[in-house]
Amino acid sequence: MSLRKNSIVLTALFCGLTLAASAQKTFKYGAALQKADSTGFYRINLQPAFIAKAKGDMADIRITDAKGNFVPYIQAGSLPQKDQKSFVVFNTIDARLPTDTGTTYVVENKTGLPLDRLWIKLQNTAVQRKVNLVGSDDLKQWFAIQENIPLQEAVQNSEGTYMQSLSFPASSYRYLKLLVDDKNKTPIKFLQAGVYTAYAAMLAYTPIPGLTFTRADSNKITFINIKLNDNYQVNKLHLNITAPKYFKRSVIIYQVIGGYKEAVLEAELNSIKNNDLLFAAKAKQLQIQISNGDNQPLAISDIKAYQSDEYIISYLEGKQSYHLLAGDSTAQAPEYDLKFFADSIKDNIPAINHQAIVKNTVAIAEKPKAAKDYTVLIWLAIIAAVGVLLLLTLKMVKEVGKKAGE
């Protein structure tokens, strides 16, 4: 009985390891995490090189422990904000277009601050919906920011409403539109949307390395082609303009993917501003078009690209090994119970970083190959040997018979 139990345990362990390895193998890239000093919540900083390997919505990011099990985490924007006084409710705008389908909700970012989070208040609902977020500066031309953002189901409460934060690449559009694909189902109800100004004011950026650019001035337009080393998430471009002293030019930024150009920002370069261009793009190549009119082209000495700081929060065991995974184009955003315990996470939790990005080499434990079956050959050899012995025996009998006759 003991032998049978051990066999069952070993089989279960083998199956568990195989399933864990199989789940990990769909992720093309990984990075070891810095070990936590002690057990508790940690903020895991996601560097541009790692985000470059992930999907645009970062739904394929996972944390694994030493046994290959997935470890729960939450997005940083899911943390409740302690300073309720800093919450600013955005104005609701009636700007539904004939081409819009499903529920639409448009608000105005009256703070003027770049945002990578939006807090929305909804009527209690237990349905599952996904939201597309687009931005505009004129309520006419809209640009994609983030697609397929899942709406959370309401946590049980007696208020009849609940708050959810939406995380997306940093943008500075004046207007934000939420598009919900209801698929001919009963629509959900948005009550308000806004931002915690204290949080928005702390928005920070990380430089993206390896940027090169070329320019060409033609027909009153300056074309600047930017190339990056990887499929980076770009949220800010800074142009160092040295001349002329006074200028005011219209600019359009395109992301270029597979030869196809998609506009991600229409803005203005102005000598009285810092000329930081904020938008959301994920590509190896960008193009800037500057309208010069009858003026001389701008003298641009340098261009720098930045990603808005991205991080996730997880409960980690001290001194244990963990890995980050990314690079699965079919992965869906995980649903972890940890989101219901965000109130347990204190302010100013320690931060840890990840190491260099490497290709994921997790191998599935293979069953040992079955040995070749030589049974037929053995039987053939036995039959051949018996035949030889039989022939020798008959020969010997004949020889003995001959000698007896003589």
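Remember, predicted model here, so these are calculated numbers, not experimental data.

> Go over the overall build of the protein chain with me, naming the residues and quoting the values.
For the protein chain, the helix and strand inventory stands at 4 helices and 26 strands. Out of the 406 residues belonging to the protein chain, those deemed buried represent 40%. In the protein chain, the share of contacts with a sequence separation of at least 24, taken over all contacts with a separation of at least 6, comes to 80%. A total of about 23300 Å² of accessible surface is found on the protein chain, and carbon and sulfur atoms cover 55% of it.

> Tell me about the sheet that holds strand β26 (residues 358-359), and please be specific about residues and values.
Strand pairing in a sheet takes place through backbone hydrogen bonds and is either antiparallel or parallel in direction. Ordered by their spatial adjacency, 4 strands build an open sheet running β3-β24-β1-β26, and the pairing between neighbours is antiparallel. Sheet topology places β3 (62-64) and β26 at the edges, where each strand pairs with a single neighbour. Relative to strand β24 (residues 323-326), β3 runs antiparallel, the two sharing 3 bridges. What sits directly across from Arg 62, in β24, is Leu 325.

> Provide a residue-level description of the sheet that holds strand β8 (residues 115-123), including the pertinent values.
Read across the open sheet, the 4 strands follow the order β5-β13-β8-β11; overall the sheet is antiparallel. What marks the edges here is a single partner per strand, and that holds for β5 (87-89) and β11 (161-171). Each neighbouring strand pair of the sheet contributes to a mean axis angle of 30°, computed without reference to strand direction. Taken together, the 4 bridges between β8 and strand β13 (residues 190-196) define a ladder with antiparallel strand orientation. Among the inter-strand pairings, Ile 120 is bridged to a residue of β13, identified as Ala 193.

> Hey, could you go over the pattern of salt bridges for me, with residue numbers and the actual values?
Per the counting criterion, the structure on display carries 10 salt bridges. For Lys 248, the salt bridge is made with Glu 268, and the minimal N-O distance between the two is 3.9 Å. Separated by 20 residues along the polypeptide, Lys 248 in strand β18 (residues 248-257) and Glu 268 in strand β19 (residues 260-270) bring together distant segments of the chain. The exposure class of Lys 248 is exposed, given its relative accessible area of 59%. Each of Lys 248, Glu 268 and Lys 273 takes part in one network of salt bridges that share partners.

> Just give me the short version of the side chain of Arg 117, but keep the residues and values in it.
Tracing the chain through its elements places Arg 117 in strand β8. Residue class for Arg 117 comes out buried when judged on its relative accessible area of 1%. A distance of 3.2 Å separates the side chain of Arg 117 from the side chain of Asp 116, its partner in a polar contact.

> Any details on the confidence of the model for the protein chain? Residues and values, ideally.
Predicted confidence across the protein chain gives a mean pLDDT of 82, with 81% of residues reaching 70 or more. Note that pLDDT drops below 50 for residues 1-19; the model gives that stretch 5 contacts with residues more than four away or on any other chain. The low-confidence segment residues 363-370 (pLDDT under 50) makes 8 contacts with residues lying over four places distant or belonging to another chain.

> Just give me the short version of the environment of Asn 91, but keep the residues and values in it.
Within the secondary structure layout, Asn 91 lies in strand β6 (residues 91-93). Excluding its chain neighbours within four sequence positions, the residues that come into contact with Asn 91 are Val 106, Val 107, Glu 108 and Lys 110.

> Can you break down the nonpolar core residue by residue, with the values?
One finds Leu 237, Leu 239 and Phe 279 to be the most contacted residues of the largest nonpolar core, which totals 57 residues. Ranked by the residues each element gives to this core, the list is headed by β8, at 5 residues. Sequence-distant contacts of Leu 239, that is, excluding residues within four places in its chain, are made with Leu 269, Asn 275, Leu 277, Ile 288, Ile 290, Ile 300, Asp 302 and Ile 303. In this structure, Ala 31, Ile 63, Tyr 311 and Leu 324 belong to the second largest nonpolar core, which totals 29 residues.

> Which residues make up the packing of aromatic side chains, and what values do they have?
What the rule picks out here adds up to 7 aromatic pairs. Centroid distance Trp 119 to Tyr 196: 4.9 Å. Interplanar angle 85°. Geometry classified as edge-to-face. Here Tyr 196 lies in strand β13 and Trp 119 lies in strand β8, a separation of 77 residues in the sequence. The class of Trp 119 is buried, set by a relative accessible area of 5%. Taken together, Phe 87, Trp 119 and Tyr 196 form an aromatic cluster joined through their ring pairs. Taking the ring centre of Tyr 29 as reference, the NZ or CZ of Lys 53 above it sits at 4.6 Å. Positioned above the aromatic ring of Tyr 254 is the side chain of Lys 261, whose terminal nitrogen or guanidinium carbon lies 4.6 Å from the ring centre.

> For the pairing of β8, give the residues involved together with the corresponding values.
Along any regular strand the residues' side chains alternate between the sheet's two faces. When you tally the buried positions in β8, you get 7 out of 9 residues, the bulk of the element. Pairing of β8 with β11, which is carried by 8 bridges, proceeds in the antiparallel orientation. Of the residues in β11, the one forming a bridge with Trp 119 is Ser 165.

> If you had to explain the pairing of β18 to someone new, which residues and values would you point to?
Sheet analysis places β18 next to β19, joined by 10 bridges and oriented antiparallel. When the bridges of β19 are listed, Arg 249 appears paired with Leu 269. The hairpin turn running from β18 into β19, its antiparallel successor, is 2 residues long, and Gly 258 in that turn takes a positive phi close to 60°. Bridging between β18 and strand β21 (residues 285-291) involves 7 bridges; their strand directions are antiparallel. By the bridge assignment, Tyr 254 is partnered in β21 with Gln 287.

> Residue-level account of the environment of Lys 304, with values.
Inspection of the secondary structure assignment puts Lys 304 in strand β22 (residues 299-308). In sequence terms Lys 304 and Asp 276 are 28 residues apart; their C-alpha atoms lie 9.7 Å from each other. Those residues in contact with Lys 304, other than ones at most four positions away along the chain, are Leu 211, Lys 236, Leu 237 and His 238. Reaching out from Lys 304, the side chain makes a polar contact with the side chain of Asp 302 at a distance of 3.3 Å.

What counts and how
Residues numbered from 1 in each chain as written. Predicted model: local features only at pLDDT ≥ 70, side-chain atom pairs only at ≥ 80, totals over all residues. Heavy atoms only, no water. Helix = DSSP H or I, 4+ residues; strand = E, 2+ residues; numbered from the N terminus. Buried < 20%, exposed > 50% of the residue type's maximum accessible area, 1.4 Å probe, protein only. Contact = heavy atoms within 4.5 Å. Areas by Shrake-Rupley, 256 points an atom, 1.4 Å probe, with all protein chains shown as cover. Pairing = 2+ DSSP bridges. Axes fitted to C-alpha atoms, helices over the stretch in contact; angles between N-to-C directions. Salt bridge = Lys/Arg side-chain N within 4 Å of Asp/Glu carboxyl O. Polar contact = N/O pair within 3.5 Å; in protein donor to acceptor, adjacent residues only side chain to side chain. pLDDT = per-residue confidence, 0-100. Core = buried A, V, L, I, M, F, W, Y, C linked by side-chain atoms within 4.5 Å. Phe/Tyr/Trp six-rings, centres within 6.5 Å; stacked < 30°, edge-to-face > 60°. Lys NZ or Arg CZ within 6 Å of the ring centre and 35° of its normal.

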